[in-house]
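Descriptive analysis of the structure
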Amino acid sequence: MMKPIRTLGAAVVALAAPALFALPAAADTPRGATIARIETPLLGAQVRLSTGARYDHRDNFRGPRYNGRNKWGQTERQVNQLTRDAVQACRAAIRYEGRQAGFREIDFDDDRWARQIGPNGFHVTFNEVEFETRRRDIETRVSCEVRRGNVVSLSGIPHNRGYGKGPPPGRRW
């Protein structure tokens, strides 16, 4: 004598049992493919069993930081190379502008930071730059902005009043 099935959950499990045994047999199907579909016209329920997880692809459910890229799509290695190039461009521009202002020697301390402001733009700040003349030394903070490898703005270069020239024509610091 068979017992009647009285709950909907038990009915679904009873109807889904053959599909559960069919899962190992259909393991070679492509991802996301439906293995078994069971429809019960009497209850109006439908059970669908499929392989593959919904979140297989990392780009679907995680942000770009989990894929090793920043918000501009660059890897950490690319960002490091762009940062190095930006710092070198800033140092060269600061040396050039300092020599144009009449300073004999420009020394950089290691205390600097660079912040990325775009896919190819950086804001670089040197906290201690020493500008030397024959009579005195000036330590100051110098900032510059680099876009696509070119310095577009530079601030913090001191005046060398004792040099006698002042700033060159067309330059304001």
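Residues numbered from 1 in each chain as written. Predicted model: local features only at pLDDT ≥ 70, side-chain atom pairs only at ≥ 80, totals over all residues. Heavy atoms only, no water.

Mapped onto the elements, Thr133 comes out in the loop between strand E5 (121-132) and strand E6 (137-147). Polar side-chain contacts of Thr133 include one of 3.4 Å to the backbone nitrogen of Arg135. Among residues more than four places away in sequence, those in contact with Thr133 are Phe103, Arg104 and Asn160. (Helix = DSSP H or I, 4+ residues; strand = E, 2+ residues; numbered from the N terminus. Polar contact = N/O pair within 3.5 Å; in protein donor to acceptor, adjacent residues only side chain to side chain. Contact = heavy atoms within 4.5 Å.)

The next thing to look at is the environment of Arg99. Here Arg99 lies in helix H3 (residues 76-100). Counting along the chain gives 32 residues from Arg99 to Phe131, while the straight-line C-alpha distance between them is 9.4 Å. In this view, Arg99 contacts Arg104 and Ile106; residues no more than four positions away in its chain are not counted.

Of note, Phe126 is situated in strand E5. For Phe126, a relative accessible area of 1% puts it in the buried group. For Phe126 and Val142, which are 16 residues apart along the polypeptide, the C-alpha to C-alpha distance reads 5.3 Å. For Phe126, the contacting residues outside a window of four places in its chain are Val87, Cys90, Arg91, Ile94, Phe108, Asp111, Arg112, Thr140, Arg141 and Val142. (Buried < 20%, exposed > 50% of the residue type's maximum accessible area, 1.4 Å probe, protein only.)

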